[in-house]
Amino acid sequence: MTRSLTAAVARALGDIVGRDHVITDPDRLVVYESDGLTAYRVAPRAVVLPGSTEELAAVVRLLHGEGIAVIPRGAGTGLSGGALPTLDGVVVGTARMNRILEIDPVNRLARVQPGVINARLTEATRPHGLYYAPDPSSQSTCTLGGNVAENSGGPHCLKYGVTTRYVTGLKVVLAGGEIMELGGAGRTADGSLDLVGLFVGSEGCFGIAAEIEVRLLPLTEGVRTLLGIFETMEAAGHAVTAIISSGLVPAAVEIVDNATIRAVEASVYAGGYPVDAGAALVIEFDGTEAGLDSEADAAEACCHAAGAREVRRATEASQRAKLWNGRKKAFGTMGRIAPDLLVQDATVPRTRLPEVLASITEIGERYRLRVANVFHAGDGNLHPNILFDRNDPDELHRVEQASLEIMKLCVAVGGTITGEHGVGVDKRGYMKLVHGPDELAAMAEVKRVFDPTGLFNPGKVLPDVEAAHR
Amino acid sequence: MSAVSVPPGGVTSRLAQELEVQRERLLPCVHCGFCLPACPTYNRLGDENDSPRGRLHLMKAVVEGRLDPASDAFHTHIDRCLGCRACEPVCPSGVEYGTLLELARHTAAEHRPQGRLTRMLLFVMASRALRSLLFAGGRVLRASGLAALGARALPSAGVLRSARFGLAMLAATAAWRMPGVRSSRGVAAPVSDDAKRGTGRRVAVLTGCVQEGLYGRVNQSTMRTLEANGFEVVEVKGQDCCGALHAHGGDLDRARALAKTNVEVFLASGVDLVVVNAAGCGAAMKEYGTLLESDGDDHARARDLASRVRDVTEVLAEVGPRRGAAVECSVAYDHPCHLLHAQRISRPPLQVLDAIPGVEVRVIANAEECCGGAGIYGITHPDLGGRIGADKVAAVRAVGADAVATPNPGCMMQIGAGLVMDGAPEGVVHPVELLDESYRRAGYYGEPSTQRSPG
Amino acid sequence: MSVAASVVHPTSTEEVAVTMRAATADGVGVAVVASGRRFHGARSAERPFLVMCTDRLTGTEIYEPADLTLTAKAGTRLTTLAVELGAQKQWLPYDPPHVEERTLGGLVSTGESGPLWMGYGELRNHVLGLTVVCGDGRVLKLGGRVVKNVAGFDLLKAVVGARGRLGVITSVCVRAFPRPAVDRVLVLRGDSVAALVAVARAVGTAPVMPVSSVLVAPARAPSAGAALLVRLHGAEPTVDADQKTLERHCGVSFERAADAVGLLASARDHVADAEVELTLSVLPSRLGDSLVAVRDVLGDVPFAADTYKGFARVAAGESDSEATSRLRTRIESLGGALTARATDRARDVAGLGSRMAPSAAALTQRLESVFDPKGVLWPCRP
C-alpha cells in the first residue's frame, strides 16, 4: 500500500500551488495509477499541479527535502510506464503549465511551458507560416514536456528527425529544486557539453523541463500522399527498402497490416483502406511543389516493382487527413478488437524489415497470439501490437514470452529495444539485451550527476543498477 | 511486463450490475488520453479526475469494487462533467461516453442524492402541469422586464449569484429583434398552398418542455419552415418532455418513463420523421434505443422511433432548403455539443443559415467547445460554469456580429445569459427563426398580419 | 611546461584502452590527435603527457548503402569515406572548415556540422552510435546503428562535440544521405556587410529553406569581396523553383558562380587558419549587430557567418586578449556567447574558452569526471 502524505507536507504543497491543485484523496489518486500503459497500476501518494516554473521548483525543493520521490507527468500518454508512480512518489503534473510563452517568427523559435500540447504549438505558429516538425501519433494530446522527456518521434521524423533535433534550449528544474538554463539558440558557441542533448530523452530521471525553446520550420509548399496496397507484409517491406535505397527522401513511410486495417476501418477514423489487403503503405513527400510529382512517380514505381496491387494518391487535403487519421489513431482503435493491448516498440535496420516481419508473424503464430503491426517503416521503427485478454493468465504469459522473443530478434539483427516509446518501467528488463554492464553503470553515474539522491522518477530506465545504488 | 487483473466479484453497485450490458462500452477504453484536450473541464482544471479518461477510470474502479460509488470523488467528478460529449468524436476506440455517464450519474445519485435544486427541477420537468406553471411564471418575469432587471441588479457573488444567473437565462429567452423588423412583428398566416413544395413526407415536431414553455416561437418557426419546404406537419398530442434532462441528471427511471410515453405516441401517429429543434432533445431521442435497451419489446420500438428522429436543420438541409428574402444581419455561429458531438451534425445548421440571403455567418473561435450550458450547470457549478461561459461569451463578442445563432435552447440561454449580464448588444436566435423571417419577408406565408403569438 | 613523452599510434579500440589504463596508472596525460590540424598548445600542458594519434585506426567496418548507414573507425579520413559513399551516390552532408582534412572521429569530437546543418540537421542527430574509450580505459559502446533509438540515457550526445574531454572515440556509426541531383550555390556580392545581412535575414524568413546560407568577408577590405552564399539542393525543377521563390522574397537576383562551392570552402578555411579564431553565436536576428561589434572592436577582419544559426567564425589576427574580452562583453550583451582558439604563438588570448553559469559549469565538471575520473584526457585544456 502506498503511504499517504503527512498533513504538514500536504499543507505545504497547497501553500505553494493552491489547495485546489493538490490531490491527496486516495479515491482521486486512483485516476493517476497508470499512464498510457495500463498493465501497471500504482497509485501515487499525491498529485501536485504547479502553475509556474517557480511553483514547480518550490514543489521539487519541498518534496526532495522530505526525501519524497518526484514522478513527472505530462498528458499521461506514454506507452512504457514512464509516469508510473514508483517508490511512494508524488506525481508532479504539468497540465496547468500550458502556455506558449513566445513565438519568434524572425528567428523561427518558440518558447513554451511543458504542458503545451504538441499540436497546439503548430496551430499557434501556422499563422506565421511555421510549424513544429516532430509529430508523434498522440500529438493531439501529448505535451511538449513529455516529448522532451521521451525524445518523441513520429511519422515525419523519417525526413525531419526526432524531438532532440528541434530543442535548442531548456530551463530545467533539477534535484532539490535548482533551476538551471541549458543551451539556448543564441549561445551555440559557448563551448559547453551538449547538456540539452543529454537531458532530452532522459525520461524524467534527470529533472523536469520547465521551459522549452524549440526550432520551427516553414510550412511546406506542397505534399503528395500515396497509399500502396499490398497482398503481404513482406512485399510492402520490400517496397520500403526499395524506396529508401533509391535516393528518394520521403517525409514519411508508414505501414499497417491487415489486422490494423480492419480495426481502423471499423472506427470513426476509417481511412478508406481496403479491408482485404495484406498490408498498406502510406508514403508522403513534401516540399517545393515543382519536384513532388516526379518523386511520387518514382515511389509508385518502387511499389509496383515490389508487387503492389494498387497505388492510390490522395488528391485533396481531406483525403490526406483521412489517410493520416487512420494511421495516427490506430493504437486507440485496437480497443475495438481486443480487451487488452501491448504496444511494442523496437527498431531494426531498414534492410532487415522483410525478414523481421516474417519472423514476427511466425512468433505470433507459435504463441497463438494476434499481432497487429502498424509502424514507421521508413525508420525501421516497428510497433507490433499484441492483442490479448489479461484475464487469461496463460495468454498473458504467452504475451510476455512472445515480447521477449521479438525484442531478442530485433537486437540480433542489429536493432534496439525501443525507437521512440522509451524504456520506462516496461523495458528495464530488456536493457541488458542492448547494453553491457559498463554502459549501464555509466548511465547510472550520469543520472547521479543530475539527481544525486535518486528522487527523480526512480525505478525507471535502468535495470537493477540503480536499485543497488540505493 | 506484468499485468493487473480485474478483480472478480466485489461488485456492489448498480453500475457494476449493469456492466454485463455495458461491458462492451466500457472496456474499449485503452487509456490513450486522446480525449483529454477535448474536455472543457480538464482544460480549465488540469486534474485528470475531471477528464473523460479519468471519469471512465473512476467508473471502472467502481465496477471493479475498488471505489465506493458514494465516495466524494465519484460523486464530485461525475457531477462536474458537462456531458458535452466532445470526447466521443475523438475517441479512437469509440467509447460511448454519454451513455456511460448517464449510468454513472444514476449510480451516483442512488448512493448519494443530488442537490435539492436539481431534484426539484427534474421533478417539475417530468410533470406537464407543474412545468407549465413554472414557465408561465417565467414568461411573466420575462415580459415584465423583471428578469432582465434582476440579471443586471443582483450581485455577481454570494448567495444571490445563482438567482442572478437564473434570471439572466430567463431574460435571454426573449426574442431577438432582427434588423429591419418593427417592434410588433407580423406573422404569419398559415403557409399558402402554392408555397408548399410537397416532399410527401409526414413529420411531427417535438414541442418539448423548455421549448414549449419559453421558446414557443421557435416551435412555430420550425413548423412553418418545414411546411414551406414541403413537409406535412402533423400535430401529435400526448407527447412529453424527451427526458434528456433526467437522463443527464442520473434520474434514469423518470427518463425511461418519459421515453416510453414518447415512443408510444409518436409511433402511433404514423409519422415518417420526428423533427426536433433542440439539439439536446434530439440527441436523447436518437438514443432511446440505448436508454430502453433492457426493456424487452419496448427496445425494438424505441429503436424504431430513434431511427426517425432528425434535427430540424438536418431535414431542412437535406431538401435544400429553399431560399427566402434577405435578412440583412451578421450572426456568430456556435456548435451545440449535442448536435456536433452527440449527433455528429456540423454542416446542416450552416447550410440553413447560408440559405438566407443577407445573413453573414461568422463561426466563432473554439465553436466546437461547450458553452457551459449543460442544463443548469451554470447554476449548479457557478464557478466553473461561469468560467466556461465567460470564455464562450468572449469568443462570441470577438467576432462582432449582430447576434449569436445556435440551434439549441440550452446554449441559447447560457450564452444569452452571459450576454445579458455583460450588457452586450448581441441578440440570440435559433437558425430556423432567421429562416422563418426570411420566408415571411418573401411572402411565403401570405400577407403579414399584425398579430404575433406570444412566446 | 612539458614535452610529450611519446607518440602512440593504436590500431584498435583494445590498444586505446590499454594505453588509457596505463596512462591512468602512471598519472600521465593523454592528448589525442586526429588530423592534427587542430592540435595546438602542446607547450601549455601542466604535466607529462603522451600523444595518441588515431591515424592507424582506419577503415570502414560496416556500410549498408540500402540502409544509409556507415560504421567506420575513428581515424578514417572523410575524403576516403566520400569516395566509398560517392560510389553509391551518397555522402555525409557536413562542411565545417577544412572538412577535407578531417577524420570521422575528429569531426564527431568537435561536433561541427558546418552551415549545411540547416538542410540536413546537426551531426549530433546523425551519429547513430559510437565507441568511446574513457579516461580510465573503460570502453563504452553508445547508441547503435539504427536511425531511431531511445534505449536508455543519450550519453552519446554528451560525447559528440565534447572535443575529447570525455574519451577517445574509436569507431562511429553515422547516417548517410543520398547525394542531391543538383548542388547550386547562389552568390550575392556586395560592398556593404549591412546590406548583405539584410538580405540574409530575408533568406532566413523565406518560405523555402536553402540547405545553407553563409555570409563571408574573406579579406581585410570588405570591398574585396563580401558575399552572401546561399546553397540549394534537390532535383533540378525544385532548385529552379526555390531560387525563384527566394529571389522574389528577398527582392534580389543572385548570380551563379562557376566554382561557388570552392569559393565557399576557401572563404571558410581562410578564417579558420587565423592565429586567433573567435567563434561567436547570437540569435540570427542579432547577427548584424554582432558583426558591427566585431568591426568596432577589431576593425575589418575576415569572417564567415552562418546566417541561419547566428554563428560566425572571425579571424582575429593579432588581436590581444583585452580586445577579445571587450568583444565578448559586447556579444554577451546581445544575448550571445564567444569563445576563442589560438595557435601556440598567440597563446596570450587564452582564457576565452567556454564560459558557463557556475551551476552549469559544476554540472559539466561532474559529468567529465564520470568519463574521465582521473583527469587523464585534455592535458592541454585552455
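Bear in mind the structure is a predicted one, so any value in this text is a computation, not a measurement.

Chemist: Lay out the overall build of chain A in plain terms, naming residues and giving numbers.
Modeler: Secondary structure assignment for chain A yields 17 helices and 20 strands. Radius of gyration (C-alpha) of chain A: 22 Å, near the 23 Å computed for a compact globule of 470 residues. Each of the three principal axes of chain A carries a C-alpha extent, and together these read 70 × 60 × 45 Å. The 470 residues of chain A split such that 66% are buried.

Chemist: Kindly report on the overall build of chain C, identifying the contributing residues and their values.
Modeler: Tallying secondary structure elements over chain C gives twelve helices and 18 strands in all. The buried share of chain C, taken over its 382 residues, is 61%. Total accessible area computed for chain C in this model is approximately 14,100 Å², and 52% of it derives from carbon and sulfur atoms.

Chemist: Break down the sheet that holds strand β3 (residues 273-276) of chain B for me, with residues and values.
Modeler: Residue and element names in this part refer to chain B. The parallel open sheet is built from four strands, whose spatial order is β2-β1-β3-β4. Strands with a single pairing partner mark the edges of an open sheet, and in this sheet they are β2 (232-234) and β4 (309-311). Along the sheet, successive strands turn relative to each other by an average axial angle of 40 degrees, direction set aside. The pairing of strand β1 (residues 202-205) with β2 spans three bridges and is parallel.

Chemist: So what about the nonpolar core? Which residues, and what values?
Modeler: Counting residues in each nonpolar core, the largest one holds 142 residues, and the members touching the most others are L170, F199 and L281 of chain A together with L130 of chain C. In contact with L281 of chain A, not counting residues within four places along its chain, are L226, L227, G228, F230, A236, A239, V240, V253, E254, I255 and C303 of chain A. Among the nonpolar cores identified, the runner-up in size contains 71 residues, and L167, C209, V218 and V396 of chain B belong to it.

Chemist: Tell me about the interface of chain A and chain C, residues and numbers included.
Modeler: Size of an interface: often given as the accessible area lost when the parts come together. At the junction of the two partners, chain A supplies 79 residues and chain C supplies 71 residues. In total, about 6,000 Å² of surface goes out of reach between chain A and chain C, with carbon and sulfur atoms giving 61% of it. Considering only the surface of chain A that becomes buried against chain C, R165, L193 and V449 of chain A emerge as the three largest contributors, covering 11% of it. Counting across the chain A and chain C interface gives four salt bridges. Of the charged contacts, one joins R124 of chain C and D194 of chain A as a salt bridge, the two residues approaching to 2.7 Å between their closest N and O atoms. The interface formed by chain A and chain C contains 21 residue pairs in polar contact (both at pLDDT 80 or more). Per-element accounting of the side of chain A that touches chain C gives the leading share, nine residues, to helix α16 (residues 437-450) of chain A. Within the side of chain A that touches chain C, the residues separate by chemical class into 35 nonpolar, 28 polar and 16 charged.

Chemist: Please give an account of the interface of chain B and chain A that cites residues and values.
Modeler: Between chain B and chain A, the residue contacts involve 42 residues of the former and 48 residues of the latter. In total, chain B and chain A occlude about 3,600 Å² of area from one another, counting both sides; carbon and sulfur atoms represent 54% of this. Linking R28 of chain A and D72 of chain B is a salt bridge whose minimum nitrogen-to-oxygen distance equals 3.0 Å. Counting every contact that joins chain B to chain A gives 16 residue pairs in polar contact (both at pLDDT 80 or more). Listed by contribution, the elements that provide at least two residues to the side of chain B that touches chain A are α3 (40-45), α4 (52-63) and α5 (72-80) of chain B. Ranked by residue count, the leading element in the side of chain B that touches chain A is α4 of chain B, at five residues.

Chemist: Could you give an account of the confidence of the model for chain A, naming the residues involved and the relevant values?
Modeler: On average, residues of chain A score 92 in pLDDT, and 98% of them reach the 70 mark or higher. Between residues 465-470 of chain A, whose pLDDT stays under 50, and residues either more than four places distant or in other chains, the model counts 13 contacts.

Chemist: So what's going on with the pairing of strand β4 (residues 90-93) of chain A? Which residues, and what values?
Modeler: Residue and element names in this part refer to chain A. Side chains V90 and V92 of β4 all project onto a buried face; the interleaved residues V91 and G93 project onto the opposite face, where all are buried too. Both strand β3 (residues 70-73) and β4 contribute to a ladder of four bridges, which runs parallel. By the bridge assignment, R73 is partnered in β4 with G93.

Chemist: So what about the domain arrangement of chain C? Which residues, and what values?
Modeler: Residues and elements named next belong to chain C. Assigned domains within chain C: domain 1 (7-55 + 371-380), domain 2 (60-178), domain 3 (182-268) and domain 4 (271-350). On a C-alpha basis, the centres of domain 2 and domain 4 stand 28 Å from each other. Taken together, the seven residues of domain 2 in the interface contact six residues of domain 4. In this assembly, domain 2 packs against domain 4 so that about 580 Å² is buried in total across both faces, 57% of it on carbon and sulfur atoms. With a closest N to O distance of 3.3 Å, R313 and E112 form a salt bridge. Our count for the contact surface shared by domain 2 and domain 4 stands at three residue pairs in polar contact (both at pLDDT 80 or more). Residues of the side of domain 2 that touches domain 4, tallied by class, amount to four nonpolar, one polar and two charged.

Chemist: Break down the packing of aromatic side chains for me, citing the residues and quoting the values.
Modeler: Tallying each qualifying case throughout the model produces nine aromatic pairs over all chains. With 6.3 Å between their ring centres and 75 degrees between their planes, Y132 of chain A and Y166 of chain A make a pair best called edge-to-face. Here Y166 of chain A lies in the loop between α6 (157-160) and β8 (167-173) and Y132 of chain A lies in the loop between β7 (130-131) and α5 (144-150), a separation of 34 residues in the sequence. Just as Y132 of chain A is buried, Y166 of chain A falls in that class too. Between the aromatic rings of Y439 of chain B and Y444 of chain B, the centroid separation amounts to 5.0 Å while the plane-to-plane angle is 55 degrees, which identifies the pairing as tilted. Y444 of chain B shares its class with Y439 of chain B; the two are buried.

Chemist: If you had to explain the arrangement of the chains to someone new, which residues and values would you point to?
Modeler: Summarising the chain contacts, two pairs of chains touch, and the pair with the most contacts is chains A and C. When C-alpha atoms are compared, chain B and chain C, though not in contact, are closest at a spacing of 16 Å.

Chemist: Go over the state of the cysteines, please, and point to the residues and values.
Modeler: All names here are of chain B. Counted according to the given criterion, the structure contains zero disulfides over all chains. You can see C329 has no disulfide; the closest cysteine sulfur is in C411, sitting 19 Å from it. Classification of C329 by relative accessible area gives buried; the value is 6%. C411 supplies the cysteine sulfur nearest to C371, a cysteine that is in no disulfide, at a spacing of 4.1 Å. For C371, a relative accessible area of 3% gives the class buried.

Chemist: I'd like a description of the packing of helix α12 (residues 216-228) of chain B against helix α24 (residues 431-442) of chain B, backed by residues and values.
Modeler: All names here are of chain B. Remark: α12 packs on α24, axes separated minimally by 9 Å, with the N-to-C direction vectors making an angle of 55 degrees. The orientation of α12 with respect to α24, classified from their angle, is oblique. Seen along the crossing, α12 lies across α24 with a hand that is left-handed. On α24, the residues that touch R217, V218, S221, T222, R224, T225 and A228 of α12 are V432, E433, L435, D436 and Y439. Its residues placed into classes, the contact of α12 with α24 shows five nonpolar, three polar and four charged.

Chemist: Which residues make up unusual backbone geometry, and what values go with them?
Modeler: All names here are of chain B. Of note, the amide linkage connecting G320 to P321 takes the cis form, showing an omega dihedral of -25 degrees. Structurally, P321 is set in the loop between α18 (312-319) and β5 (329-333). Positive phi outside glycine occurs at H31, with the angle close to 70 degrees. With respect to the helices and strands, H31 occurs in the loop between α2 (19-26) and α3.

Reading guide: rules and limits
Residues numbered from 1 in each chain as written. Chains lettered and ligands numbered in written order. Predicted model: local features only at pLDDT ≥ 70, side-chain atom pairs only at ≥ 80, totals over all residues. Heavy atoms only, no water. Helix = DSSP H or I, 4+ residues; strand = E, 2+ residues; numbered from the N terminus. Rg over C-alpha atoms; globule rule 2.2 N^0.38 Å. Buried < 20%, exposed > 50% of the residue type's maximum accessible area, 1.4 Å probe, protein only. Areas by Shrake-Rupley, 256 points an atom, 1.4 Å probe, with all protein chains shown as cover. Pairing = 2+ DSSP bridges. Axes fitted to C-alpha atoms, helices over the stretch in contact; angles between N-to-C directions. Core = buried A, V, L, I, M, F, W, Y, C linked by side-chain atoms within 4.5 Å. Contact = heavy atoms within 4.5 Å. Buried area = accessible area lost by both parts, 1.4 Å probe. Salt bridge = Lys/Arg side-chain N within 4 Å of Asp/Glu carboxyl O. Polar contact = N/O pair within 3.5 Å; in protein donor to acceptor, adjacent residues only side chain to side chain. Nonpolar A, V, L, I, M, F, W, Y, C, P; charged D, E, K, R; others polar. pLDDT = per-residue confidence, 0-100. Domains from an automatic or database assignment. Phe/Tyr/Trp six-rings, centres within 6.5 Å; stacked < 30°, edge-to-face > 60°. Disulfide = S-S within 2.5 Å. Parallel < 35°, antiparallel > 145°, perpendicular 65-115°, else oblique. Left-handed = near helix turned anticlockwise from the far one by under 90°.

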